[in-house]
Amino acid sequence: MTTLGAVLRPQLPPERLRDVARLADDVGLEELWLWEDCFREGGISAAAAALAWTERLRVGVGLLPVPLRNVALVAMEAATLHRMFPGRAVLGVGHGVQEWMGQVGARPESPLTLLREHLDALRALLRGERLSTRGRYVTLDDVALDWPPAVPVPVLAGATGPRTLRLAGEAADGTVLTSSTTPDGVRRARRLIDEGRASAGRSDPHRVVVYLLTATGPGAEARLRAEFEAEGLGSVPDLGAAGDAGAVAAAVRRLADAGADAVILQPTGDEPDPEGFVRFAAGEVRALVP
């Protein structure tokens with residue numbers, strides 16, 4: 001069964017989160033995803049609040065930019081969420097937008113090296129290991145969590161380029177793909193992820209999460225097209241979904257058939273009714289997605 005979720009975009013102020021999260025919990029949405037975009041809401045603080053306000057909803061953070069965060073702190077916060085809310089936090093890490101990383105003086109010379117070192121250390125710490133390592137970016141001296149997660153937890157990585165996709169397969173437990181990913185792009189990503197998994201000798205499950213830019217209601221097609229055009233993607237076919245539940249569900253099924261385990265509906269930045277969007281995802285679209 002394909003997991004279906006929705007994004008609460010950080011264009012909304014943080015005080016809107018409680019009502020949307022509680023509604024998502026009430027209407028049976030499986031996952032609500034949050035973004036740590038500079039310079040808006042913090043991903044961990046928002047996720048902790050959303051988890052505390054709800055009972056069953058899984059809350060994803062996609063993504064925590066690794067240049068902004070010491071890996072020991074990420075491990076501490078991730079372990080805290082997983083112990084307080086077992087099975088309900090889904091955390092992803094990634095390069096971050098390099099322009100934003102430059103604004104705060106954290107842009108690395110080698111984003112790929114940093115992500116590899118961060119993933120290796122984070123997963124080891126969350127497994128309860130005591131770690132000493134001295135890499136190009138990650139240095140730990142006899143570090144272990146006092147309160148690691150009680151059970152193994154997955155760490156996802158955001159990826160777009162071929163090298164990062166291979167790294168995700170090699171060093172992460174899942175991959176998050178952006179809304180600029182077509183069904184063919186999912187298939188290519190799966191192949192590259194599998195190459196990385198094979199090189200590392202991994203046979204464990206690897207979850208692929210894909211965002212789907214979605215618009216419904218009046219002016220849906222125009223809002224969707226305007227957002228893709230603003231991102232320079234207006235001429236790319238098979239991106240996004242606009243229209244009623246049937247049209248959106250068909251787009252979800254295409255991504256699932258291409259290899260996505262979870263499809264997260266991403267509203268446009270000017271979505272006029274975030275609560276209505278959650279109801280639409282959990283009710284109308286979910287009923288049409290196997």
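Let us look at the structure shown here. (Residues numbered from 1 in each chain as written. Predicted model: local features only at pLDDT ≥ 70, side-chain atom pairs only at ≥ 80, totals over all residues. Heavy atoms only, no water.)

Topic: the environment of alanine 200
Inclusion rule: By definition, any uninterrupted DSSP run of H or I lasting at least four residues is a helix, any uninterrupted run of E lasting at least two residues is a strand, and each is numbered from the N terminus.
Position of alanine 200 among the secondary structure elements: in the loop between helix 7 (183-199) and strand 9 (207-215). Residues alanine 200 and glycine 169, 31 residues apart in the sequence, show an inter-C-alpha distance of 8.3 Å.

Notes on a nonpolar patch on the surface
Heads up, the rule is: Patch membership requires over 30% relative accessible area and the absence of a salt bridge. Like charges are linked within 9 Å, and nonpolar side chains (Val, Leu, Ile, Met, Phe, Trp, Tyr) within 5 Å. In this description, accessible areas are obtained by the Shrake-Rupley approach with a 1.4 Å probe, and a residue is regarded as covered only by the protein chains that are shown. When a carboxyl oxygen of Asp or Glu lies within 4 Å of a side-chain nitrogen of Lys or Arg, that pair is called a salt bridge.
The grouping of Phe39, Leu68 and Val104 at the surface amounts to a nonpolar patch, some 270 Å² of accessible area in total. You can see valine 104 is positioned in the loop between helix 4 (98-103) and helix 5 (111-126).

A short note on the packing of aromatic side chains
Basically, it comes down to this: Any two of the Phe, Tyr and Trp rings considered here, Trp counted by its six-membered ring, make a pair once their centres fall within 6.5 Å; the pair's planes then place it as stacked at under 30 degrees, edge-to-face at over 60, or tilted in between. Buried residues are those whose accessible area, probed at 1.4 Å on protein chains only, stays under 20% of the maximum for their type, while exposed residues exceed 50% and partly exposed ones sit between those limits. Lysine NZ or arginine CZ positioned within 6 Å of the ring centre and within 35 degrees of the ring normal marks a charge as sitting over the ring.
Within this structure, the stated rule accounts for two aromatic pairs. For the ring pair tryptophan 33 and tyrosine 211, a centre distance of 6.1 Å and an interplane angle of 85° mean the geometry is edge-to-face. Remark: tyrosine 211 occurs in strand 9 and tryptophan 33 occurs in strand 2 (residues 31-34); sequence separation between them is 178 residues. You'll find tryptophan 33 and tyrosine 211 in the same group, each marked buried. Taken together, the ring pairs connect Trp33, Trp35 and Tyr211 into an aromatic cluster. Geometry around tryptophan 53 places arginine 18 over its ring, the cationic atom sitting 5.9 Å from the centre.

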